[in-house]
Amino acid sequence: MATDIQKLIGTSEEDEDEEMEMDVKEEGDDDDEEDGEKHVDATSMIAGVDGGMPTRSSNNNRFQQHHQIQEQVGTPGGGGVRRCRPIEEKERTKLRERQRRAITARILAGLRRHGNYNLRVRADINDVIAALAREAGWVVLPDGTTFPAKSQGPRPAGVNSAAVSSQMVSPQTPASLKGVTSGYRSSGELNACNMKGVFIPSSSPYDLPSSARSQNSSIVGDGGGQTDSHPLIGGSMDNVGDKQIVDIPLKLPERDYSNTACIPVYVMLPLGVINMKCEMVDPDGLLKQLRILKSVNVDGVMVDCWWGIVEGHAPGEYNWNGYKRLFQMVCELKLKLQVVMSFHECGGNVGDDVCIPLPHWVAEIGRSNPDIFFTDREGRRNPECLSWGIDKERVLRGRTAVEVYFDCMRSFRVEFDEYFKNGNISMIQVGLGPCGELRYPSCPVKHGWRYPGIGEFQCYDLYLLKSLRKAAEARGHSFWGRGPDNAGSYNSRPHETGFFCDGGDYDSYYGRFFLNWYSRVLVDHGDRVLSLAKLAFDGTCIAAKLSGLHWWYKTASHAAELTAGFYNPCNRDGYAAIVTMLKKHEATLNLACTELHMLDQHEDFQEALGDSEGLFWQVLNAAWDVCVPVSSENALPCHDHVSYKKILDSAKPLTDPDGRHLSSFTYLRLSPLLMERHNFMEFERFIKRMHGEAVGLQVYSN
């Protein structure tokens, strides 16, 4: 650990020891000052008691004695008696200092990597705070004096600049939110502040109006002899020692989203709204729910068109009857449609409440030729979707997989041409893999995978193995034409495998070759299918869905992403090739992980070294860098204010210099729970904020 810190900060061991000795010495002086203050208080109590309260002269004597003893104790060689510090206490002090430096090193590394901060090699936490404060619009002088710029209004009286620097920055601040502090404090600071009323904000001070931000920054100030009331929060300000500590309820007004960009909001319909006979299940009940959604200005709905339903019985025979009635109902209410061409099965995954398999005739082919499905190292087949190895193989009754997808999309376009011409269909999302997402089915629950397992490579069907051997021969190393044999199993951890552990084979010559091929197959599949989708749906926006495999993101190998086909270890951007391909077809990226960073405090999440927020911003910035629009949807059920706030903060980044935002958002999903009165009122407020409408600001408990 010390070696990693040394590499990040760039200090030599000699310099580090020298600086540590200085810090230890200063900390020891602080301890001595505290002892001196206690001695002064005791002396003044004896000298100032004259049968009653202390007199003014006794107070003056006490101040002079306090000043003299502080000079004696706090000045090296000043003639005072210094307390001898035990060796154990010095070691504890050194340990605390190492912990502080470790936190600083991680902050610096994150800011340099994700935020492009130009921090000097031997920067300390003061440089970090200053850089963030300047980007947030504050003025920071060389001596550390900090005050808001003129645009932020006048600085309230009595503000101590130490209050600004008392907040440390979370190591995982996303690149597009740099400048927003998280209120994190080290354990040492928390122990030092173990007193009544200490306020540790759990949300950004930039969620407040500018005037409130200025007032909120004066939580800790120079002490007086009285208790004051705080103008914003109504708490009390008490004197503790020589500091003022605010006794504040943990409530803050939320950010005002009025006059911000309007982001359309769609609601995903239930998976089983159309049954296997292609009939609407409950048209009257759905109509009532759609009218309620329309009443709160929802922009539209998203619906899955299941391949297993419309072409379920015979190749080339399509049944769209249920979807015709559904689309007519939606458009009569003047709601827009987002349609998902779902070329995968439904059932067996998290959130699936119905079972819709692949077409019956495809299953028959699979029984005689199981290699049309993805296969793991043990030979287990996954019938959730077709293997990308048959994209160009005529094994589906004389057609390739890509031709089958295109024929289905072309039939849909012909059947619903009027909805395209009238603009009722705003987007077509093309299914590219399991769950409709562009990824390998590396984490199948039906094969025993459980979170946070790393998953397994899915390249062992005959067609993909043939492609791998061909690529190895072209490289001149035919013995590389095999999958790794030390990559563990579905529920392994990275450090338990020889391939994904730090310094493992994933970064060897063979590992880099294999992962390059594995990820290129994914990109090529998306390229082939989207090129035909653009042809079928000419003039209509098309989209591809990408999942956020956030677990093990903080490890070097990013094992869960590698098995899913995203070649994104810590030294490589695995999403650049994907967004470049999407740019080629003018497609939108649908990213499904906006609210996952709410799990950051969950024990299992921490053990998995996940960082959903870091992953989200990496993919988002990769797409925005090449001007690919990004839409999103929630990956988990969402009904409360905190969840909606996380989505809003991601959809409309407060500090993005170009004012970029999501192109649309899809809420997952319409259900009786959403229609409950309290939940629906919260949902209505969320829609208004997404639309940039004025909503009465409310105060919520954090």
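It should be emphasised that the depicted structure is a prediction, and the values quoted were computed from it without experimental measurement.

Re the UniProt feature "active site" (unreviewed entry) in the protein chain
Here comes step 1: Using the residue numbers shown here, the UniProt feature "active site" (unreviewed entry) corresponds to Glu 437 and Glu 633. In sequence the annotated residues extend across 197 residues, while in space they remain close, none of their C-alpha pairs exceeding 12.6 Å.
Here comes step 2: Excluding residues that lie within four positions of it along the chain, Glu 437 makes contacts with Leu 432, Lys 545 and Ser 547.
Here comes step 3: In this fold, Glu 633 is placed in strand β16 (residues 630-633).
Here comes step 4: With a relative accessible area of 2%, Glu 633 lands in the buried category.
Here comes step 5: A polar side-chain atom of Glu 633 sits 2.8 Å from a polar atom in the side chain of Lys 545.

Focus: helix α13 (residues 401-415)
Here comes step 1: When the terminal C-alpha atoms of α13 are compared, their 22 Å separation across 15 residues agrees well with the 21 Å that a helix rising 1.5 Å per residue should span.
Here comes step 2: By the criterion of burial, α13 is predominantly enclosed, with 11 of the 15 residues buried.
Here comes step 3: Taken together, the buried positions of α13 are occupied by Ala 401, Val 402, Val 404, Tyr 405, Phe 406, Asp 407, Cys 408, Met 409, Ser 411, Phe 412 and Arg 413.

Remarks on the pattern of salt bridges
In a structure, side chains of opposite charge can pair up when their charged atoms sit close to one another.
Here comes step 1: Following the criterion strictly, the structure yields 24 salt bridges and no others.
Here comes step 2: A salt bridge links Lys 545 to Glu 633; its shortest N-O distance comes to 2.8 Å. Placement of the pair is Lys 545 in strand β14 (residues 541-547) and Glu 633 in strand β16, with a sequence separation of 88 residues.
Here comes step 3: Relative accessible area serves as the criterion here: at 11%, Lys 545 is assigned to the buried category.
Here comes step 4: Between Lys 645 and Asp 649 there is a salt bridge whose closest N-O contact spans 3.0 Å. Linking Lys 645 with Asp 649, this pair stays in helix α21 (residues 641-651), spanning four residues, or about one helical turn. Both residues of the pair, Lys 645 and Asp 649, count as buried.
Here comes step 5: A single network of salt bridges, built from pairs that share partners, joins Glu 311, Arg 399, Asp 407 and Arg 410.

Criteria and cut-off values
- Residues numbered from 1 in each chain as written.
- Predicted model: local features only at pLDDT ≥ 70, side-chain atom pairs only at ≥ 80, totals over all residues.
- Heavy atoms only, no water.
- UniProt positions renumbered as here; feature names shortened; annotations may be inferred.
- Contact = heavy atoms within 4.5 Å.
- Helix = DSSP H or I, 4+ residues; strand = E, 2+ residues; numbered from the N terminus.
- Buried < 20%, exposed > 50% of the residue type's maximum accessible area, 1.4 Å probe, protein only.
- Polar contact = N/O pair within 3.5 Å; in protein donor to acceptor, adjacent residues only side chain to side chain.
- Expected span 1.5 Å × (residues − 1).
- Salt bridge = Lys/Arg side-chain N within 4 Å of Asp/Glu carboxyl O.

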